[in-house]
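A look at the structure
Take a look at the letters that make up each chain.
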Amino acid sequence: MVRDLTLRGIQEGLRNKEFSSREVTQAYLDRIEALDPQLNSYTQSFREAALAAADAADQRLASGDARPLEGVPIAHKDLLATTEGRTTCASKMLENYQSPFDATVVARLAEAGAVVIGKTNLDEFAMGSSNETSHFGPVKNPWGTNAVPGGSSGGSAAAVAARLCAGATGTDTGGSIRQPAALCGITGVKPTYGRCSRYGLVAFASSLDQPGPMAATAEDCAHMLAAMAGHDERDSTSVDRPVDDYVGGLEQDLTGKIIGVPAEFFTEGLAPDVEQAVKAGLDQFRELGAEIREIHLPHYPQSIPTYQVISAAEASSNLARFDGVRYTHRAADPEGLIDMYKSTRSEGFGAEVQRRIMVGTFVLSAGYYDAYYLKAQKVRTKIRDDFAKAFEEVDLIAGPTSPTTAFGIGEKAADPIAMYLSDLYTTATNLAGVPGVSFPCGFGESGLPVGMHLMANFFREDLLLNAAHRYQQATDWHTRVPDSV
Amino acid sequence: MEFEPVIGLEVHAQLSTRSKLFCGCSTQYGAEANTQTCPVCLGMPGSLPVLNREAVRMAVMMGLAVEAEVRPRSVFARKNYFYPDLPKGYQTSQYELPIIEHGRLRTEPEDGEPKMVGITRIHMEEDAGKSLHEGFGDNHTAIDLNRTGTPLIEIVSEPDMRSPQEAVAYLKKLHSIVRYLEICDGNMQEGSFRCDANVSIRPKGTEEFGTRAELKNLNSFRNVERAILYEMERQQEVIEDGGHIVQETRLWDADKGVTRSMRSKEEANDYRYFPCPDLLPLDVPETLVNEARSSLPELPDAKRERFITEFGLKGYDASVLTTSRELGDYYERVVATGADAKLAANWTMVELLGALNKDGRDITESPIAAENLGLLVQRIEDETISGKIAKQVFEPMYAEGEEPDAIIEREGLKQITDTSAIEGVVDEVIGENEGQVQQYLDGKDKVLGFFVGQVMKKTGGKANPQQVNQIVKDKLDAKKG
């Protein structure tokens, strides 16, 4: 039943009493039970709590006081704090951690009526681009189970692609929503920094992290983002500014919109099949009335090293609280305090997390701060300036989301640099703070999905969703579901 | 060779906000362990800080009180280090861009010249929790996180002080100011006002600074003085023995009266400060500065000057009476009853403060209302009682909080000013002490005091001493013929 339904379709079906929330919730839970042992996209599912919530939603639907997402089953990335279940961050360190509070976006989706069916797998503490660094094992790509789903929100992307939920939350620090969305053939939005509250998002890199929606279509994402976005007094970096009508703006005509395509994107490193699909996508936008114009983002090539320095620096500090003293894993029988810290953190964190903590500690150290951290901040300003300049003349910036389609499990695990390049096109938006969306625009040579990336000026999520939606009205890439599920 | 010390102080003052710096938890001292905490001050995963604006206002007040510049934009930074009572693994503080810079403070060292001490900076930060190492068994440490996240300001002086006395005078002045501003309760025992001292020595007359040691655990004015004095002597010995001072942190042991090495510069943490990405830069608008300026109370220096000009007090007395806002207010209420200002100053400082100090109380806990002390002073002025008798009246006033007139009445302490009554007693005494009369007649003037004493004794101290003096002298002189 739910295999062929989008979030929007479920929303409508529930309103029209074609089925109940209990029925769709049950259907997703059954699919999880049947398919997820293979995919490993969930860290946990909440059968009892979900069905209870579905029943409550059905009552509201029956009595006519349904809220926007009433009864719609969704999943949360297991980096967002939930009072239901555990909040593991896919780390041994927090394997048994229960949060005393809900993340703001979790609470807002609940207030909008969504039913939470489980929490999705991810790269440990969101550090990774392939979902291979999870303490609970790698997630498989539903389009080809030898392939990675991307990361870090790989569990959410795979779960949506395999229709194991109607939509899912993700978090995006350098591409963690958009790159897995591209690799799994779904739609994912990284909102403007400050648009969605970070309260309850277990911080990886605080100045870059942003939660956002992941679903089959742009329309689905618009419905989710409408519930998630908005100012939160508990997050000083969230912006107090009205939320645009994302759903109401979906049908806007694209005629006369100018889409900039940075020359820097179509260079070495971009796979030919991805390039071809993205260029076809650009043609589609031309047909929809948009003007395509070549632009330049001269500092784009510096975005990966800049991102690596800043994100690692912040991570090294953010992850210091996992020290064995309070709620985390604690090493057995340590010899004194220092040994407890060392053993706990050596045992509790995986290799990639340890690598980033060490890099981050190094770049903030006396004698290196200026050369690395401060320099990176200066480049970050230049990258932001590039965007500001570009958005003076264009409405949107387009390109590939990731340089390749999904790569094989284990293929890049031993080569961190190759892995980091998977985020080549996405990290700059996080550094600048502007929003981006990835949506499917075709398939590559191996039959794996290709994602197209659109970026817009600050707080223009409405335009991103509008453009992606118009594209999806003209194409059917987003309707494809892998045969394996 | 003669050496002089170079001293700079770092003072942490806990701000008297009701809630913590980045969350709504209470800052009340003494609650049951770990009851005043929440996900934010516990640093639970996903929690985020939100700045307490009242703490900002207090920091600005302090800046204005020391004539400093308030930075329109300052930045919170993370100071990273591991410690069990630091739940986030970093302390949120200010580093490169503090909220306050370039201030100065006028100090009045006892037995020294008034001196201006520069204030380098004042920054805002959160306190850590407390580790309790005793009472939980071997190898166990208990952690109380009630204090975690309590707002502090750190006031960093220039290395301007040249003696332990100057350092104490500076510290006392700061202590006085934070209490005048009502931004800190100043309690050194509970740790809401703490001081570290940077101390080095150099040959007197030279310019270059020596290598400094940072002294910690100085939890009283007395200990600040003792520790600095000890450290000066220790450093001098090292140098005179041909050694070198190493830059290090030293802990003051008040029981043994020594400082001990805690960690050297090499062992010092690299705190890896960087701007806190969870907090926006702190903008202090001009309006806030102006509001703070207009709400500044009269500060100790201004009050001291006013007491000198308005009440004719001596500088030292004016300084003592303006040590705290409450004491100054109390004194002014004594004077307001119509009491003589100088006499009122004496009674407030000597008798009242003496009694309060003995009991370990401060002026706000005085059992004698200012109005009653004023009445007592007036009774001395209008000669209802002598100064000596007044001390007898003071005692029950202090013990029971009674009014002076009631005590004078009940105890019959009213001064005898009736000349004929005094003359009668004087005649009696002269009649009973012929030997002493002869001495006086032989030119031994000193014996006069004996007669006065005897008269006072017979009248229970109530006779007016000036009158007694005069009458005794007149009568004895009359015998000289």
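Every value quoted in this text rests on a predicted model; they were computed, and no experiment measured them.

Before going further, it helps to examine the overall build of chain B. Scanning chain B from terminus to terminus reveals 15 helices and 16 strands. Compactness check: chain B gives a C-alpha radius of gyration of 30 Å against a globular reference of 23 Å for 481 residues, more than 25% above the reference. Seen through its C-alpha atoms, chain B measures out along the principal axes to roughly 100 × 55 × 50 Å. Within chain B, the proportion of its 481 residues that are buried is 41%. Within chain B, residue pairs in contact and separated by at least 24 positions form 69% of the contacts whose partners lie at least 6 positions apart.

Check the secondary structure of chain A and you find 15 helices and 11 strands. At 21 Å, chain A has a C-alpha radius of gyration in line with the 23 Å of a compact globule built from 485 residues. Oriented by its inertia axes, the alpha-carbon framework of chain A measures out at about 65 × 55 × 45 Å. Split into buried and exposed, the 485 residues of chain A put 61% on the buried side.

Next up on the list: the domain arrangement of chain B. Assigned domains of chain B: these are domain 1 (3–292), domain 2 (298–411) and domain 3 (419–480). One C-alpha centre belongs to domain 1 of chain B, the other to domain 3 of chain B; they are set 64 Å apart.

The subject of this paragraph is the sheet that holds strand E1 (residues 3–14) of chain B. Residue and element names in this part refer to chain B. One open sheet accounts for nine strands, arranged E2-E6-E7-E10-E1-E11-E12-E13-E14; its pairing is mixed. Whereas interior strands pair on both sides, the edge strands pair on one side only; in this sheet they are strand E2 (69–70) and strand E14 (258–264). As paired strands, strand E13 (residues 248–253) and E14 are joined by six bridges and run antiparallel to one another. From the neighbouring strand, tryptophan 252 faces E14, where its bridge partner is threonine 259.

Residues and elements named next belong to chain A. Interhelical geometry of helix H9 (residues 303–318) versus helix H11 (residues 351–364) gives an angle of 100° and a closest axis separation of 7 Å. One finds that H9 runs roughly perpendicular with respect to H11. Of the residues in H11, those touching H9 at Val309, Ala312, Ala313, Ala315 and Ser316 are Arg356, Ile357, Val359, Gly360, Thr361, Val363 and Leu364. When the residues that make up the contact of H9 with H11 are grouped by side-chain class, the tally is eight nonpolar, three polar and one charged.

Before going further, it helps to examine the nonpolar core. Counting residues in hydrophobic clusters, the biggest one holds 152 residues, and the most contacted among them are A:Val160, A:Cys165, A:Leu396 and A:Leu454. Ranked by the residues each element gives to this core, the list is headed by helix H7 (residues 218–228) of chain A, at eight residues. In this structure A:Cys165 touches A:Tyr28, A:Pro73, A:Ile74, A:Ala75, A:Ile117, A:Ala159 and A:Val160, once residues within four positions along its chain are discounted. If you look at the next biggest cluster of nonpolar residues, it comprises 64 residues, including B:Ile99, B:Val168, B:Leu181 and B:Ala227.

Looking now at the interface of chain A and chain B. Opposite the 34 residues of chain A that make contact, chain B presents 24 residues. Going through the elements one at a time, H9, helix H10 (336–348) and H11 of chain A are the ones with two or more residues in the side of chain A that touches chain B. For the side of chain A that touches chain B, the element with the highest residue contribution is H9(A), accounting for three residues.

It is worth spelling out unusual backbone geometry at this point. Residue and element names in this part refer to chain A. Geometrically, the link from glycine 151 to serine 152 is a cis peptide bond, its omega value of 10° lying close to zero. Along the polypeptide, serine 152 turns up in the loop between strand E3 (115–120) and helix H5 (154–161). Located in the positive-phi region is arginine 163, a residue other than glycine, with phi close to 55°. Tracing the sequence through the fold places arginine 163 in the loop between H5 and strand E4 (167–171).

Once that is clear, we can look at the environment of B:Lys475. Residues and elements named next belong to chain B. Here lysine 475 lies in helix H15 (residues 465–480). On a C-alpha basis, the gap between lysine 475 and isoleucine 245 in space is 75 Å, while along the polypeptide they are 230 residues apart. Apart from the residues within four sequence positions on either side, lysine 475 is in contact with Val426 and Ile430.

Residue and element names in this part refer to chain A. Taking burial as the measure, the eight residues of strand E11 (residues 449–456) include eight buried ones, the bulk of the element. Of the two faces of E11, both are covered, the one formed by Pro449, Gly451, His453 and Met455 as well as the one formed by Val450, Met452, Leu454 and Ala456. The sheet contact formed by strand E10 (residues 436–443) and E11 spans seven bridges and is antiparallel. Considered in E11, the bridge of valine 437 is made with leucine 454. Counting the residues between successive antiparallel strands, the hairpin from E10 to E11 contains five residues, one of them, glycine 447, with a positive phi of roughly 80°.

A few words on the pairing of strand E6 (residues 211–215) of chain A. On a regular strand, each side chain points to the face opposite its neighbour's, so the side chains alternate between the two faces of the sheet. All names here are of chain A. Of all five residues in E6, five are buried; the element is thus mostly enclosed. Of the two faces of E6, the one lined by Pro211, Pro213 and Ala215 and the one lined by Gly212 and Met214 are each fully buried. Pairing of E4 with E6, which is carried by five bridges, proceeds in the antiparallel orientation. Residue pairing in the sheet places alanine 168 in a bridge with methionine 214 of E6. In this structure, strand E5 (residues 187–190) lies alongside E6, joined through two bridges in antiparallel fashion.

Turning next to the confidence of the model for chain B. Looking at chain B as a whole, its pLDDT mean stands at 91, while 99% of the residues score no less than 70. What the predictor reports for the complex is a pTM of 0.89 with an ipTM of 0.96.

With 24 residues, helix H12 (residues 370–393) of chain A extends 34 Å from end C-alpha to end C-alpha; this agrees with the ideal 34 Å at 1.5 Å per step. Where H12(A) is concerned, the buried positions are A:Tyr372, A:Tyr373, A:Ala376, A:Arg380, A:Ile383, A:Asp386, A:Phe387, A:Ala390 and A:Phe391.

Another aspect to go through is helix H14 (residues 448–458) of chain B. All names here are of chain B. Among the residues of H14, Phe451, Gln454 and Val455 are the ones counted as buried. For H14, the angular spread of buried residues about the axis comes to 100°, placing them on one side. Looking at H14, the residues exposed on the side facing more than 90 degrees away from the buried face are Gly449 and Lys457. In the core, the buried residues of H14 are packed alongside helix H12 (419–432), helix H13 (434–441) and H15. Glycine 460 sits one or two residues past H14 and shows a positive phi near 65°.

Attention now goes to the sheet that holds strand E1 (residues 42–45) of chain A. All names here are of chain A. An order of E1-E3-E2-E4-E6-E5-E10-E11-E9-E7-E8 is seen for the 11 strands of this open sheet, with the pairing classed as mixed. Pairing within the sheet leaves two strands with one partner each, and these edge strands are E1 and strand E8 (291–295). Going across the sheet, the axis of each strand differs from the next one's by a mean of 30°, ignoring polarity. In the sheet, strand E9 (residues 396–400) pairs with E11 via five bridges, with the strands oriented antiparallel. By the bridge assignment for E11, proline 400 is matched with methionine 452.

Let us look at the environment of A:Ala114. Residue and element names in this part refer to chain A. Relative to the elements of secondary structure, alanine 114 occurs in the loop between helix H4 (104–111) and E3. Here alanine 114 falls in the buried class, since 29 other C-beta atoms lie within 10 Å of it. Distance in space between the C-alpha atoms of alanine 114 and alanine 50 is 9.7 Å, their sequence separation being 64 residues. Other than its neighbours up to four places away in sequence, alanine 114 contacts Leu69, Val72, Ile74 and Leu109.

Residues and elements named next belong to chain B. Relative to each other, H14 and H15 sit at 125°, their axes nearing to 10 Å. One finds that H14 runs oblique with respect to H15. Seen from above, H14 lies across H15 with right-handed handedness. Contacts between H14 and H15 involve Leu448, Phe451, Val452, Val455 and Met456 from the first element and Pro465, Val468, Asn469, Val472 and Lys473 from the second. Of the residues belonging to the contact of H14 with H15, the class tally is eight nonpolar, one polar and one charged.

Here is what the cut-offs are and how they apply
- Residues numbered from 1 in each chain as written.
- Chains lettered and ligands numbered in written order.
- Predicted model: local features only at pLDDT ≥ 70, side-chain atom pairs only at ≥ 80, totals over all residues.
- Helix = DSSP H or I, 4+ residues; strand = E, 2+ residues; numbered from the N terminus.
- Rg over C-alpha atoms; globule rule 2.2 N^0.38 Å.
- Buried ≥ 20, exposed ≤ 12 C-beta atoms within 10 Å, placed from the backbone.
- Contact = placed C-beta atoms within 7 Å.
- Domains from an automatic or database assignment.
- Pairing = 2+ DSSP bridges.
- Axes fitted to C-alpha atoms, helices over the stretch in contact; angles between N-to-C directions.
- Parallel < 35°, antiparallel > 145°, perpendicular 65-115°, else oblique.
- Nonpolar A, V, L, I, M, F, W, Y, C, P; charged D, E, K, R; others polar.
- Core = buried A, V, L, I, M, F, W, Y, C linked by C-beta atoms within 7 Å.
- pLDDT = per-residue confidence, 0-100.
- Expected span 1.5 Å × (residues − 1).
- Arc of directions from axis to C-beta.
- Left-handed = near helix turned anticlockwise from the far one by under 90°.

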